[in-house]
Amino acid sequence: MSVSFLKSNSKPFQLRGIVARLYSTRKGEVSSSDPQKDTIRRYLYPPNIRNKASPTGTWRPDVARALQRAIPSVQAHETIERAWLLHQRHLRKKRDAELQRKFNCMRQAMQELEEIDSRLFREANKQEDPRARSLAEVEAMKSMSEPEKRAVESRVRGLFPRELRIPTDTPPKNGWPNEWRAFQRPLA
Amino acid sequence: MLALRHVQPRALGLARRSTTKQVALASTAVDTDGSQSQSSGEPVTPQKKQSRAIRTRRPRISLQHPREWNRPLAFGVLPAFDEALKVIKEDSIVLKDEVKALEGAIAREKETPQPDQHALLVLENKLRILEVQSEINFPQVRWKCANGMADMSKAVDRHLLEQRWRKEGALDLLMERIHQMKVVPDVLPHIHPSLDLRVNFPKVKSNTGLQAAVSKAVYEHVEPGVFLLPEQTVEPPKIYTTVFHPEERLYTLLMIDPDFPDETNQTFQTYLHWLHVSPSPVPNLNTHTAYIPPHPQRGTTYHRYTILLLPQHSRLSIHMIAKDKRAGFDVRAFMEKYGLDRNVGGGAHMWREVWSEGVPAVYKDILKTAEPKFGRMPKADRYGDFRGKRRYV
């Protein structure tokens, strides 16, 4: 009579440590070998025990406690909110006042210029067309290739230069581009 | 450091009663349980996390049960709150200096031989706004107004109460009911209330039985537009107002029923139930045109009863309206005659009523007339000639 001390193992040796897991069933559901059947069964017979709060459901007993931890005092929250908006309002008023002062200074300066020299005044009032090309530029563009022409046309005075390096906290990984040279744009 | 998450719910309760010192003690205690009485000698046992019950109802604070304002969180619990209080205090000081300067400017302008009225008006408006702004951010001021302990002599409190009435739903509800029930085109062309008018009628004790039992002492607030029983409205209501102006102004009280049936013209007419003109020598509101209780006739659909408080621009002497002139009362003509339509503002309220078993009592005791019963005219019987006769002869 052989008494087996070893636990009889139906699985082959290689697969003994690996547990086959079916992802078609949720916790508490019996898994069959067919995941399609599991899905169909879940939709035909949905669980009707409502003991968990869900964000979209109507039973939410956990909300009050969570809110109390997040916002311990409504009065404090409102006071902080009002103080912050007040602070922002002060900043806004200061900026607006400074802007107004600058505008008034500019207006005063233009009035005085008008009295002093009317030709310079007219020159100062001329609107600048940012896409205007000077004669020198037009001449230079005749001998340029297509990509160079496009590059010249897209660079408008007053815009950010395309080659501007965005300031970062740490230096670049690939080091500094020491061989970089600025694109020569003929100016008026 | 401090386990702030644990401390906060307890700090709430403690800050209300005790000073900052006790809370600091609690926050540094080893056990986060609410009890502070554990001495150092006793062993600190790991206690189960006790879940404190969450307060879902507002505490019962009002003028009748007053309470002092305390900081909601003690100093140091929430640094943002302390910083906020500092910012608000600094802003208030700056504004109060501006208020003082403005008051000086107004006084000087008034002393001049020919004060510029327009400039004075502008300055006074600005002064009012600054007075309110200098105090409106303080949590103690807002807390007092939110808990029924506002001081109506202060501009801030008046402003806060008015904002609450206008923005938190009370005025919106009243206007919704007034417009949905079509009181606005029927009684008056436009109503823009400027004061909070509240009407209280006795509570209904039980609806069963022939006549509803109505409480004699307990008066309940009436939501605008709801149905009331004629048994409740036999006595004049208790009227409460919250006005947002500090000076005394005169108002005329008017109670109208726009759905009184007019048999001769087969239409409806307006019936005047109550009229009272300010100023009255006695605080009794029943000294002018006495209150006649609403009596919606049997067979008519519901009646809308409207109470209006119309602002008077001066003292008026209006004759008492006679009993036979109450039906067919023209509200617009009355207002035009006495100049009541020129001013904006005032107050309004309305409710609805339908015939019930209490109406015959009103007709018998107060009106002393026979109770009418309305219904459709009896239709002529088309086949009257043929009834009872043999048809197929």
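Computed from a predicted model, the values in this text were never measured in an experiment. (Residues numbered from 1 in each chain as written. Chains lettered and ligands numbered in written order. Predicted model: local features only at pLDDT ≥ 70, side-chain atom pairs only at ≥ 80, totals over all residues. Heavy atoms only, no water.)

Residues and elements named next belong to chain B. Sheet topology places strand S1 (residues 196-206) next to strand S2 (residues 213-221); 5 bridges connect them, and they run antiparallel. Across the sheet, the residue bridging to Phe201 is Glu220, located in S2. What sits between S1 and S2 in their antiparallel hairpin is a turn of 6 residues, with Gly209 showing a positive phi close to 95 degrees. (Pairing = 2+ DSSP bridges. Helix = DSSP H or I, 4+ residues; strand = E, 2+ residues; numbered from the N terminus.)

This next bit is on the packing of helix H3 (residues 74-116) of chain A against helix H4 (residues 118-125) of chain A. All names here are of chain A. Packing of H3 against H4 leaves a shortest axis separation of 6 Å and a crossing angle of 140 degrees. With respect to H4, the axis of H3 lies oblique. Mapping the contact onto sequence places Met110, Leu113, Glu114 and Ile116 in H3 and Ser118, Leu120, Phe121, Ala124 and Asn125 in H4. (Axes fitted to C-alpha atoms, helices over the stretch in contact; angles between N-to-C directions. Parallel < 35°, antiparallel > 145°, perpendicular 65-115°, else oblique. Contact = heavy atoms within 4.5 Å.)

Our next topic: the interface of chain A and chain B. Each side of the interface is counted separately: chain A has 15 residues, and chain B has 23 residues. Summing both sides of the interface, chain A and chain B together bury roughly 1,800 Å²; the carbon and sulfur share of this comes to 60%. The largest share of the area that chain A buries against chain B comes from A:Arg69, A:Gln75 and A:Arg82, three residues that together contribute 30% of it. The tally of links from chain A across to chain B stands at 0 salt bridges. (Buried area = accessible area lost by both parts, 1.4 Å probe. Salt bridge = Lys/Arg side-chain N within 4 Å of Asp/Glu carboxyl O.)

All names here are of chain B. Inspection of every chain in the model, using the stated rule, returns 19 salt bridges over all chains. The partner of Arg166 in a salt bridge is Glu162, and the shortest N-O contact between them spans 3.1 Å. On the criterion of helical spacing, the pair formed by Arg166 and Glu162 is a turn pair, its members being 4 residues apart in helix H6 (residues 155-167). Several salt bridges converge on common partners, so that one network encompasses Glu176, Arg177 and Glu223.

Residues and elements named next belong to chain B. Those residues of helix H10 (residues 359-367) lying buried are Val359, Val362, Tyr363 and Leu367. Within H10, the buried residues cover an arc of 100 degrees as seen down the axis, which keeps them to one side. Tucked inside the fold, the buried residues of H10 contact strand S6 (267-276). Looking at the residues trailing H10, positive phi occurs at Lys368, about 55 degrees. (Buried < 20%, exposed > 50% of the residue type's maximum accessible area, 1.4 Å probe, protein only. Arc of directions from axis to C-beta.)

Here we come to the side chain of B:Asn200. Residue and element names in this part refer to chain B. Within the secondary structure, Asn200 sits in strand S1. Given the relative accessible area of 12%, Asn200 is considered buried. Sequence-distant contacts of Asn200, defined by excluding residues within four places in its chain, comprise Tyr219, Glu220, His221, Pro237, Lys238 and Tyr240.

So, on to the pairing of S6(B). Residues and elements named next belong to chain B. When you tally the buried positions in S6, you get 8 out of 10 residues, the bulk of the element. Judged from the 8 bridges that link them, strand S5 (residues 250-262) and S6 form a sheet pairing that is antiparallel. Considered in S6, the bridge of Leu253 is made with His276. Connecting S5 to the next strand, S6, in antiparallel fashion are 4 residues, including Gln266 with a positive phi near 55 degrees.

Attention now moves to the sheet that holds S5(B). Residues and elements named next belong to chain B. The strand order across the open sheet built from 5 strands is S3-S8-S7-S5-S6, with neighbouring strands paired in mixed fashion. Bordering the open sheet on either side are strand S3 (227-228) and S6, each of which pairs with just one other strand. Strand direction decides the pairing type here: S5 and strand S7 (residues 303-312), joined by 7 bridges, are antiparallel. Bridge pairing in S7 places Leu254 opposite Leu308.

What follows concerns the sheet that holds S1(B). Residues and elements named next belong to chain B. Pairing is antiparallel in the open sheet, where 3 strands are placed in the order S2-S1-S4. Each edge of the open sheet carries a strand with a single partner, namely S2 and strand S4 (238-242). Neighbour to neighbour, the strand axes of the sheet diverge by 30 degrees on average, direction disregarded. Bridge count between S1 and S4: 5 bridges; the pairing is antiparallel. The residue of S4 that forms the bridge with Arg198 is Tyr240.

As a further point, take the domain arrangement of chain B. Residue and element names in this part refer to chain B. Domain boundaries in chain B define domain 1 (79-167) and domain 2 (170-367). Once you take the C-alpha centre of each, domain 1 and domain 2 turn out to be 37 Å apart. Contact with domain 1, which involves 6 residues of that partner, is made by 12 residues of domain 2. For the pair domain 1 and domain 2, the summed buried surface comes to about 840 Å²; carbon and sulfur atoms form 64% of the total. A per-residue breakdown of the area domain 1 buries against domain 2 is headed by Arg158, Trp165 and Arg166, which together make up 75% of the total. One can count 2 residue pairs in polar contact (both at pLDDT 80 or more) joining domain 1 with domain 2. Class assignment of the residues belonging to the side of domain 1 that touches domain 2 gives a composition of 3 nonpolar, no polar and 3 charged. (Domains from an automatic or database assignment. Polar contact = N/O pair within 3.5 Å; in protein donor to acceptor, adjacent residues only side chain to side chain. Nonpolar A, V, L, I, M, F, W, Y, C, P; charged D, E, K, R; others polar.)

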